[in-house]
Amino acid sequence: MLTRIAEFGSSPNKIAPLGLNLLLLVHLLRAAWLAVGFLRGRRPFASLERWQTRYLPVYGAWAAAVVVIFPPIFGFL
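Thresholds applied
- Residues numbered from 1 in each chain as written.
- Predicted model: local features only at pLDDT ≥ 70, side-chain atom pairs only at ≥ 80, totals over all residues.
- Heavy atoms only, no water.
- Patch = residues over 30% accessible without salt bridge, like charges linked within 9 Å, V, L, I, M, F, W, Y side chains within 5 Å.
- Areas by Shrake-Rupley, 256 points an atom, 1.4 Å probe, with all protein chains shown as cover.
- Salt bridge = Lys/Arg side-chain N within 4 Å of Asp/Glu carboxyl O.
- Helix = DSSP H or I, 4+ residues; strand = E, 2+ residues; numbered from the N terminus.
- Buried < 20%, exposed > 50% of the residue type's maximum accessible area, 1.4 Å probe, protein only.
- Expected span 1.5 Å × (residues − 1).
- Contact = heavy atoms within 4.5 Å.

(A) Representation of a nonpolar patch on the surface within the structure. A cluster of nonpolar side chains, Val67, Val68, Ile69 and Ile73, forms an exposed patch at the surface whose accessible area comes to about 400 Å². Structurally, the position occupied by Ile73 is in helix 4 (residues 70-74). Looking at Ile73, the relative accessible area reads 55%, which means it is exposed.

(B) Main features of helix 2 (residues 12-39). An ideal rise of 1.5 Å per residue puts 40 Å on 28 residues; helix 2 measures up with 40 Å between its terminal C-alpha atoms. All buried positions along helix 2 are accounted for by Pro12, Lys14, Ala16, Leu18, Gly19, Leu23, His27, Ala31, Leu34 and Gly37. Where helix 2 is buried, its residues touch helix 1 (2-8), helix 3 (45-68) and helix 4. Directly beyond the C-terminal end of helix 2, a positive phi value near 85 degrees is found at Gly41.

(C) Layout of the environment of Ala63. Mapped onto the elements, Ala63 comes out in helix 3. Using a relative accessible area of 40% as the deciding quantity, one classes Ala63 as partly exposed. Residues Ala63 and Leu20, spaced 43 residues apart in sequence, show a C-alpha to C-alpha distance of 8.9 Å.

(D) Main features of helix 3. Taking 1.5 Å as the rise per residue, helix 3 with 24 residues should run 34 Å; its terminal C-alpha atoms sit 36 Å apart, in good agreement. Listed in full, the buried residues belonging to helix 3 are Ser47, Leu48, Tyr55, Tyr59 and Ala65.

Here is the structure:
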């Protein structure tokens, strides 16, 4: 994605998935870390469950940003 943006310029169709991919990367890395801790017996499953449910508003915030902020930035008024 970064090479496409660097080569052809930015557009909302490239920036929105890039942001979502970064959110997913953070989410999955932390979930994997907590899952490994659970499998090794060092963390309770509740910590993984709490992470999963507390991260949901982040996706909602990103969706709201795409809907509310992207149109003025990219001239879709």
